[in-house]
Amino acid sequence: MRVEHAQGTCGGVENCVAVAPDYFEVDEAGLIRVVSAVIADADVERVTQAVGECPTGALRLLKDS
Ligand code: SF4
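All of these numbers come straight from a predicted model, not from anything done at the bench. By convention here, each chain's residues receive numbers from 1 onward along its written sequence. Only residues with pLDDT of at least 70 are given local features in this predicted model, and only at 80 or more are side-chain atom pairs given and counted; all residues enter the totals for whole chains, interfaces and linings.

Engineer: Before we go on, may I ask you to explain the overall build of the protein chain in this structure?
Structural biologist: Helix and strand content of the protein chain: 2 helices and 4 strands. Secondary structure elements are taken from DSSP: a helix is a run of H or I of four residues or more, a strand is a run of E of two residues or more, and numbering for both begins at the N terminus. Order of helices (α) and strands (β) in the protein chain, N terminus to C terminus: β-α-β-β-α-β. Along the three orthogonal principal directions, the C-alpha set of the protein chain runs to about 30 × 20 × 20 Å. Among the 65 residues that make up the protein chain, the fraction classed as buried is 20%. Long-range contacts, defined here as pairs at least 24 residues apart, represent 68% of the contacts in the protein chain between residues at least 6 apart. Our exposure labels follow a C-beta count within 10 Å of each residue's own C-beta, placed from the backbone: buried means 20 or more other C-beta atoms, exposed means 12 or fewer, and partly exposed covers the counts in between. Once C-beta atoms have been placed from the backbone, residue pairs whose C-beta atoms lie within 7 Å are recorded as contacts.

Engineer: Quick question: what am I supposed to make of the environment of Arg60 here?
Structural biologist: Looking at the secondary structure, you find Arg60 in strand β4 (residues 59-62). C-beta crowding within 10 Å serves as the criterion here: with 12 such atoms nearby, Arg60 is assigned to the exposed category.

Engineer: Even after reading the chapter, I still don't get the site of the ligand, so can you show me in this structure?
Structural biologist: Here, nearness means that the C-beta atom of a residue, built from backbone geometry, sits within 6 Å of the molecule or strand in question. Lining the immediate environment of the ligand, one finds 14 residues, of which Cys10, Val13, Asn15, Cys16 and Cys54 sit closest. Residues that form the shell around the ligand fall into these classes: 8 nonpolar, 5 polar and 1 charged. Think of it as three bins: nonpolar holds Ala, Val, Leu, Ile, Met, Phe, Trp, Tyr, Cys and Pro, charged holds Asp, Glu, Lys and Arg, and polar takes everything else, Gly as well.

Engineer: Would you explain the nonpolar core in this entry?
Structural biologist: For soluble globular proteins, nonpolar side chains are generally found buried alongside one another. Only buried residues count toward a nonpolar core: Ala, Val, Leu, Ile, Met, Phe, Trp, Tyr and Cys, linked into one set through C-beta atoms within 7 Å. Counting residues in each nonpolar core, the largest one holds 12 residues, listed as Val3, Cys16, Ala20, Tyr23, Phe24, Ile32, Ile39, Val47, Ala50, Val51, Cys54 and Leu59. Per-element accounting of this core gives the leading share, 3 residues, to helix α2 (residues 44-52). Once residues lying within four places of it in the same chain are set aside, the contact partners of Val3 are Tyr23, Val34, Ala37, Ile39, Val47, Val51, Leu59 and Leu61.

Engineer: Explain α2 to me, please; I cannot follow it from the model alone.
Structural biologist: Residues lying three or four places apart along an α-helix face the same way, a consequence of the helix completing one turn every 3.6 residues. Looking at α2, one finds that the buried residues are Val47, Ala50 and Val51. Burial along α2 is one-sided: seen end-on, the buried residues are contained in an arc of 100 degrees. Counted as exposed and oriented over 90 degrees from the buried face of α2: Glu45 and Gly52. This arc corresponds to the set of directions leading from the helix axis out to the C-beta atoms.

This is how it looks when you write it as structure tokens:
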């Protein structure tokens, strides 16, 4: 599974960073950056929680095809 971030709709609330700091971080410009787009099986539940807690819908899960 993969995670995608849409900078245009990100509100910078940083819920994602709080829940999964190994997948999301704040860069030097203060913008959210995806550290790893590919989600390890063991982390799917936690990253799914981070996506669910994004208030602006800027994060999206993509299933591997
Ligand atoms: S939780 Fe959503 S709106 Fe907040 S920083 Fe992360 S991606 Fe952006």
